[in-house]
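# Coordinate inspection notes
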Amino acid sequence: MITPWDRIRGHWSSPTWLRTLHVTAGAPIALVSMAAILALGALSVALAWTVVVPLVALLILTWTVPLLTWLQRSRFAAFLGHGIPPIPRFPRDGSPLRRLLLQGRSHSLWRQVAYHLAIGPLIGVVGFLSGAVAWSACLVAVIVAVQLLMAGGGWTASLPAAAALALFVVVPWLLRGITALDAVAARALLGPSVKDELARRVKTLRESRAEVIEAADAERRRIERDLHDGTQQRLVSLALNLGMARTAFTDLPEPARQVIARSHEEAKQALKELRDVVQGLHPAVLNDQGLDAALSGLAARVPFPVRLSVDVRERAAPVIEAVAFFVVSEALTNVAKHARASEADVTVSRDADMLRIVIRDDGCGGAEPTKGSGLRGLAQRAGSVDGTLRIDSPSGGPTTIEVELPCV
């Protein structure tokens, strides 16, 4: 059972003294921060006509504010155990002047400036004065009570003794309230905003998705390699042996010869289907020679004429090439199955950091992603790497599929 004395004694545990140190250290840090920022602001206003000085002041500000924020975050971590997440670093792309101007317009910079210039000094000074006055009053009440007690005024000493006891109870609550208010303001202004958190989460999810895609692509390559080097070679050996038996054992009874002939044909058909599966997973030529060679082999196996044009001077990332090959392969398979087309055109080009694929056929049209899993699979595969897919397929044809994939 917790007694009132336990509650009072709990006030005087180590957190109370750490809050006292936090409030004591907050005022000088906040005042120094405010003075530094005001000095830079005054210099910029006074010499704004030079243009160069405000830019230099902004540059110093972008260096100084993160340092001041780090000091405040260290204070919260050391005395209160509050870990305020750091604000994400500004991307280092573009020219130095452009980066500086973008940093000068960023909300995170001016949220930190607001804390160092106004909120921090206000809470720091008020907290420091409140704590100092409260502790001083408590100490004075104790001294007066002791002096009166030593002078023989027992009843007279009871009043300052009661005041000292009350202050012993109230001061820790006061410090807790001040530090809680300071922590709320610091999290709101010195930590990442909701926008920053969302951007960080999106970046994390994008990196995780890229890792998953790369892992899946590596697994497809492993399966393709195992099938090519293992199962496919065994099927080749089986078909070769059955062919030799079919040629050599001509004196066998007709039923036995028919069994060997059927087995030979089925082995060749199984080998053909396995090669199609291997090519669909991840053709080895794609790694060695790129999209042009891989798509040329794909177009040669389609049961209708395909005009192929590949203009890619610089190869894209392996995952992007794999997605591009899959999209063209699946699109041509859909054309062969459903479009009743007599020919098709495939154009692949790279424009800066974007790989563009256009697939046209003269079929019957009417292709809708909502009507079949094939086109939905194409859209999902393109979307897995932040690509886009558009389909124009009026009834009666022709059908045009346009895909854009980022090259990195």
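Residues numbered from 1 in each chain as written. Predicted model: local features only at pLDDT ≥ 70, side-chain atom pairs only at ≥ 80, totals over all residues. Heavy atoms only, no water.

### Some remarks on the pattern of salt bridges
- By the definition in use, this model includes ten salt bridges.
- Of the charged contacts in the structure, one is a salt bridge between Arg75 and Asp182, with a shortest N-O distance of 3.2 Å. Pair noted here: Arg75 is in helix 3 (residues 52-80) and Asp182 is in helix 6 (residues 154-190), with a separation of 107 residues, a long-range link.
- A salt bridge links Arg356 to Asp351; the shortest N-O distance between them is 3.3 Å.
- Classification of Asp351 by relative accessible area gives partly exposed; the value is 47%. (Salt bridge = Lys/Arg side-chain N within 4 Å of Asp/Glu carboxyl O. Helix = DSSP H or I, 4+ residues; strand = E, 2+ residues; numbered from the N terminus. Buried < 20%, exposed > 50% of the residue type's maximum accessible area, 1.4 Å probe, protein only.)

### Details of unusual backbone geometry
- Here Ala352, not a glycine, exhibits a phi torsion of approximately 60°, which is positive.
- Along the polypeptide, Ala352 turns up in the loop between strand 2 (344-351) and strand 3 (354-361).
- A positive phi angle is found at Asp386, which is not glycine, with a value near 65°.
- Along the chain, the position of Asp386 falls in the loop between helix 12 (373-383) and strand 4 (388-392).
- Residue classification places Asp386 among the partly exposed residues on the basis of a relative accessible area of 40%.

### Digging into empty space enclosed by the protein
- Inspection of the entire model under this criterion finds one cavity of 30 Å³ or more.
- Approximately 50 Å³ is the volume found for the largest cavity.
- What lines the largest cavity is His22, Val23, Gly26, Arg75, Ile123, Gly124, Gly127, Ile178, Thr179 and Asp182.
- Elements that contribute at least two residues to the lining of the largest cavity include exactly helix 2 (14-46), helix 5 (107-150) and helix 6.
- Tallied by class, residues from the lining of the largest cavity come to three nonpolar, five polar and two charged. (1 Å grid on protein atoms, 1.4 Å probe; cavity = no way out; pocket = protein on both sides within 12 Å on 5 of 7 lines; lining within 4 Å. Points joined across faces, edges and corners; volume = space filled by probe spheres on them. Nonpolar A, V, L, I, M, F, W, Y, C, P; charged D, E, K, R; others polar.)

### Concerning the UniProt feature "transmembrane region" (unreviewed entry) in the protein chain
- Under the feature "transmembrane region" (unreviewed entry), the UniProt entry names residues 21-40, 46-71, 113-146 and 152-175.
- What you have in residues 21-40 is 100% helix and 0% strand, and the ends, taken at the C-alpha atoms, are 29 Å apart.
- Helix makes up 100% of residues 113-146 and strand makes up 0%, while its end C-alpha atoms are separated by 48 Å. (UniProt positions renumbered as here; feature names shortened; annotations may be inferred.)

### Considerations on the nonpolar core
- Of all hydrophobic cores here, the largest spans 36 residues; its most connected members are Leu291, Val328, Leu332, Leu355, Ile357, Ile359 and Leu405.
- Elements that contribute at least two residues to this core include exactly helix 10 (291-301), helix 11 (318-339), strand 2, strand 3, helix 12 and strand 5 (399-406).
- With eleven residues, the top contributor of residues to this core is helix 11.
- Here Ile359 is in contact with Val327, Val328, Ala331, Leu332, Asp345, Val346, Thr399, Thr400 and Ile401, once residues within four sequence places are set aside.
- One finds Ile84, Ala134, Ile178 and Leu190 within the second-largest nonpolar core, a separate group that totals 15 residues. (Core = buried A, V, L, I, M, F, W, Y, C linked by side-chain atoms within 4.5 Å. Contact = heavy atoms within 4.5 Å.)

### With respect to the sheet that holds strand 5
- With mixed pairing, the five strands of this open sheet are ordered in space as 1-2-3-5-4. Looking at which strands have only one partner, the edges of the open sheet turn out to be strand 1 (306-311) and strand 4. Sheet twist, expressed as the average angle between the axes of neighbouring strands with direction ignored, equals 10°.
- Across five bridges, strand 4 lies against strand 5 in antiparallel orientation. Across the sheet, residue Thr388 finds its bridge partner in strand 5, namely Glu404.
- The strands touched by helix 10 within the sheet are strand 1, strand 2 and strand 3, with strand 1 carrying the most contacts at an inclination of about 175°. (Pairing = 2+ DSSP bridges. Axes fitted to C-alpha atoms, helices over the stretch in contact; angles between N-to-C directions.)

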